[in-house]
Amino acid sequence: MTLPGQIGHPAYPVAPRRGVSSALNWVSEHLAVVGPDPGGAITAMAALLPVEPGIVTVVGQLAGPADWALITEVLPIAVPPGSAARLAVSGAGMASGAAAPAAALATQLQADVYAPNGQLLLVPGGGMFAVDEWRWFTPDGQVRPGGRRHPRPAWEAEADMLVRHAAPGLRAYAVPAGIWLFSEAPGMPDPDLDDLVLAIPMDVERVTVVLGRPGTPPPGVDACLSVLEALDPSMIIAPYGGTAAQAVRLAEIIAERWDRPVEVATGLPTLDGENRLVSVAVDQDGGNWWTPPVSRLRCTPGAPPAPVGRLAFLADLRPAGPDTYRLNERWVIEATQFGLWVRPPFAGQHLDAVRRREWQPERLTIAVGLPGLPLPDDVLPVLHALLNRLTDDVRARVGFVPEELNHLVEPDSEDRPDVVLAAQRSTAPRWWRRDDRLFAVLLTVDGPSGMVRTDAGEVEPDQLGEIIGAYRDNDARPVLLVGSAPVKPDVEQHLADQLQAVTIARRADGWWASTPRRLSLEPRPAARLDTGFPFAEHDLDAALTPPRRTPHRAPSHPADEEPLLSLAPSSPAAPARPPGARTVVVARGPDWRQPFRLGGRPATVWDLATTIAERRPGWVGEREVIWLEAGEVAEPLLRLLANYLAAPVGARARLVRDAPQSARASGWFAVRPRTTPHEEPGWYGHSDVTEQERNDHGDA
């Protein structure tokens, strides 16, 4: 899911600038992307949007008056006379003390302009969702509502109306794919905009009903029926957070009432790396997830649920009947509601009893043979071949019936990751095999928040990076995160930057490698690996290919080398450092993701590092300590900034949380950067600055 801009109300458009019309990146004749697009993610998702005849769509994320000035210049060029514009930018249709920017543009263009009233989400598969509705602005100043979704589904009005009439104790939310229902829970916060539910692709013909939320009790069937019975039975019911039994029961009741089949997804519908629709099953705590091979079941009156569609990993096998494939002359495999059934071609009286076996959504049950009959030896090679067809995460969920076959998927008990955090909570997954090419870290991850939990509670990403760094020491291998659920992509990147090591982690659509950032290297977006674990040699080599170096920029003016760099909104008092010490003064930000403020806006550590490099290029990659005046800071934050600048960074010891006693005695504390795999260790290969070096630099 991409959130193209999560900004406050933009300033009223100011006078246009010259020479910026090339800032539009044209995806097609009627679609352009504007503003920053790291890795081309926005462009890739926007390219799937349907073409609207007579409407030019501009998608992007903007952050302030200068960016809105760009829009006022390029939009008249982009929108021909007689056409309308869809301005797909968060906040473009929102007014706060002044006319909405889209209203001013409608008057300027003398054309209709569609814009979101608040935040806008790009939805995988070619859709957009305005959290607070689209608004339609006309040149004569009229404003009309335009629904939440684009393209607008036939079911939207009915679904959004039902959301407002949920039964007591039932929470109902409008989401891109349809409706999200879950139980009220004391103290449970509202869902975030990065929840997996908001990344479900829209089906303009069929509404999706998401049932449940990790961390809350399953909603009551009767309460949900009060909402769902008003919808067309062509709906898709998707369980989320341990509600599979309720989803199937609801589908069976609705199918009986309407005498029509109703489909149930085996998890949250999502697109994999090849844009194929799959289901991601998430357990009740949100701590574990996987992608079942059967992604959808059809509930028909009077019959057990049956799989929908062919199974991709069996597609090359010859059909041997409905939902059945031929493994060899003596064995076939049938897809069922509970998983897979490996059996002889003729099962006779056993068919109905086995097919009605209960579905266990947290595992893939593979039933083998016929009830009450011994298994012949020739089934073992067939099972080995079947297991080789499964992905790592699916194989880890396999449970055989009879249980005596489970030895086929049990791991070697001596296989252990290099680091095990929260050992009492975490066990290595069954697919795990030690790979000496990787430094493996076993984590317990909270599914909904993506936060890592230890026995002491949640651990912030910067703390986690320092913990792993202490274990890793000078180990040069890339880091492999083995979690009970995926950490968020920004946390993956944060750990790569904190450790200065390529960090590999699993997401819903495969394994991804994040490259550590440093100002001396060109930033590279995370890359998806083509192979699963254990990774092919060429795949790992590609992930470890060093980024290109950025050219060193010498100071352009003597002022660039002035020792005090003030980035705070007001002039600071005289800094506490001795004359001549390199010092940066900056205001603090709201949280660990954006711990500073630059120009009044929250800024990341990377933002601060790039600003320092632009203002004081001669400080980058040097031995002299850069002293930070930013109020109370933590050691991991100093380390991250030092990593980016390839220079030691310090602060007053009394303002550094958990600074060692020796540093508090001297009054100052500084850390060195970690080296990347792409640089010689050099002088900054150790962890912190010695007392003698502090004195040598005039900083004690």
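Residues numbered from 1 in each chain as written. Predicted model: local features only at pLDDT ≥ 70, side-chain atom pairs only at ≥ 80, totals over all residues. Heavy atoms only, no water.

A word on the packing of aromatic side chains
- For the coordinates displayed, the defined rule picks out 10 aromatic pairs.
- Taking the centre distance of 6.0 Å and the plane angle of 50° together, the rings of Trp 180 and Tyr 240 count as tilted. On the criterion of sequence distance, the pair formed by Trp 180 in strand E12 (residues 178-183) and Tyr 240 in the loop between strand E14 (236-239) and helix H6 (244-258) is long-range, its members being 60 residues apart.
- Summarising the aromatic geometry, the rings of Phe 533 and Phe 535 are spaced 5.7 Å apart at their centres and angled 85° between planes, so their arrangement reads as edge-to-face. Of the two residues, Phe 533 and Phe 535, neither departs from the other in class, the shared state being buried.
- In this structure, Arg 86 is placed above the aromatic ring of Tyr 114, and the distance from its NZ or CZ to the ring centre is 5.0 Å.
- Here Arg 86 stacks its cationic end above the ring of Trp 134, 4.7 Å away from the centre of that ring. (Phe/Tyr/Trp six-rings, centres within 6.5 Å; stacked < 30°, edge-to-face > 60°. Helix = DSSP H or I, 4+ residues; strand = E, 2+ residues; numbered from the N terminus. Buried < 20%, exposed > 50% of the residue type's maximum accessible area, 1.4 Å probe, protein only. Lys NZ or Arg CZ within 6 Å of the ring centre and 35° of its normal.)

Concerning helix H5 (residues 221-228)
- Every buried residue of H5 is listed here: Cys 224, Leu 225, Val 227 and Leu 228. Looking straight down H5, one finds its buried side chains confined to an arc of 160°; they lie on one side.
- At its buried positions, H5 is contacted by helix H4 (156-163), strand E11 (170-175), E12, strand E13 (208-211), E14 and H6. (Arc of directions from axis to C-beta. Contact = heavy atoms within 4.5 Å.)

Observations concerning the layout of surface pockets
- Of the voids in this model, the second largest pocket is the one considered here, and its volume is about 1,200 Å³.
- Forming the boundary of the second largest pocket are 41 residues, of which Asp 272, Arg 276, Val 278, Thr 291 and Thr 391 lie nearest the centre.
- Those elements that place two or more of their residues in the lining of the second largest pocket are strand E17 (277-282), helix H9 (392-395), strand E32 (503-507) and strand E33 (510-514).
- Ranked by residues supplied to the lining of the second largest pocket, first place goes to H9 with four residues. (1 Å grid on protein atoms, 1.4 Å probe; cavity = no way out; pocket = protein on both sides within 12 Å on 5 of 7 lines; lining within 4 Å. Points joined across faces, edges and corners; volume = space filled by probe spheres on them.)

Description of the sheet that holds strand E40 (residues 626-629)
- With respect to topology, five strands assemble into an open sheet ordered E35-E36-E40-E42-E44, the strand pairing being mixed. Two strands bound the open sheet, and with one partner strand each, they are strand E35 (564-566) and strand E44 (668-671). Averaged over all pairs of adjacent strands, the angle between strand axes in this sheet comes to 25°, irrespective of strand direction.
- Bridge count between E35 and strand E36 (residues 583-585): three bridges; the pairing is parallel. Its bridge partner lying in E36, Ser 566 is registered against Val 585. (Pairing = 2+ DSSP bridges. Axes fitted to C-alpha atoms, helices over the stretch in contact; angles between N-to-C directions.)

Brief notes about the pattern of salt bridges
- All chains considered together, the criterion is met by 34 salt bridges.
- As a salt-bridge pair, Glu 263 and Arg 206 come within 3.3 Å of each other at their nearest N and O atoms. Separated by 57 residues along the polypeptide, Glu 263 in strand E15 (residues 262-265) and Arg 206 in the loop between E12 and E13 bring together distant segments of the chain.
- Using a relative accessible area of 8% as the deciding quantity, one classes Glu 263 as buried.
- A salt bridge links Glu 263 to Arg 298; the shortest N-O distance between them is 3.2 Å. Placement of the pair is Glu 263 in strand E15 and Arg 298 in strand E19 (residues 296-299), with a sequence separation of 35 residues.
- Shared partners join several salt bridges into a network, and the residues in it are Arg 148, Arg 149, Arg 152, Glu 156 and Asp 160. (Salt bridge = Lys/Arg side-chain N within 4 Å of Asp/Glu carboxyl O.)

Notes on the packing of helix H13 (residues 605-615) against helix H14 (residues 635-645)
- Relative to each other, H13 and H14 sit at 45°, their axes nearing to 9 Å. Our classification of the angle between H13 and H14 gives oblique. In terms of crossing hand, the pair formed by H13 and H14 is right-handed. Between H13 and H14, the contacting residues are Val 605, Trp 606, Leu 608, Ala 609 and Ile 612 on the first element and Leu 637, Leu 640, Leu 641, Tyr 644 and Leu 645 on the second.
- Partitioned by chemical class, the residues of the contact of H13 with H14 number 10 nonpolar, no polar and no charged. (Parallel < 35°, antiparallel > 145°, perpendicular 65-115°, else oblique. Left-handed = near helix turned anticlockwise from the far one by under 90°. Nonpolar A, V, L, I, M, F, W, Y, C, P; charged D, E, K, R; others polar.)

Comments concerning the nonpolar core
- Counting residues in each nonpolar core, the largest one holds 60 residues, and the members touching the most others are Leu 181, Leu 228, Met 235, Ile 237, Val 342, Ile 366 and Phe 400.
- Tallying contributions element by element places H6 first for this core, with eight residues.
- Core analysis: the next-biggest nonpolar cluster, separate from the first, contains 36 residues, Leu 121, Phe 129, Trp 289 and Leu 421 among them. (Core = buried A, V, L, I, M, F, W, Y, C linked by side-chain atoms within 4.5 Å.)

Observations regarding the pairing of strand E5 (residues 113-116)
- Side chains Val 113 and Ala 115 project from E5 onto one buried face, and the interleaved Tyr 114 and Pro 116 project onto a second face that is buried too.
- The sheet contact formed by strand E4 (residues 84-88) and E5 spans two bridges and is parallel. Looking at E5, one finds that Arg 86 is bridged to Tyr 114.

Structural notes on empty space enclosed by the protein
- According to the stated counting rule, one finds three cavities of 30 Å³ or more in the structure shown.
- Looking at the largest cavity, it is lined by 15 residues, and the ones nearest its centre are Pro 292, Val 294, Gln 337, Gly 339 and Trp 359.
- Looking at the lining of the largest cavity residue by residue, the class counts come to 10 nonpolar, four polar and one charged.

Some details on the confidence of the model for the chain
- Averaged over every residue, the pLDDT of the chain is 82; the share at 70 or more is 85%.
- Segment residues 680-700: pLDDT under 50, and 48 contacts once partners within four positions in sequence are set aside and those in other chains are kept. (pLDDT = per-residue confidence, 0-100.)

Digging into the packing of helix H11 (residues 489-499) against H14
- The geometry of H11 relative to H14 is characterised by a closest axis approach of 8 Å and an angle of 75° between their N-to-C directions. It follows from the interaxial angle that H11 and H14 lie roughly perpendicular. Of the residues in H14, those touching H11 at His 494, Asp 497 and Gln 498 are Pro 636, Arg 639, Leu 640, Asn 643 and Tyr 644.

Quick look at the sheet that holds strand E16 (residues 268-271)
- In spatial order, the strands read E16-E17-E18; together these three strands make up an open sheet with antiparallel pairing. If you trace the sheet from one side to the other, it starts and ends with E16 and strand E18 (289-290), each paired once.
- In this sheet, E17 lies alongside E16 in antiparallel orientation, the contact comprising four bridges. Looking across to E17, one finds that Pro 269 is bridged to Ser 279.

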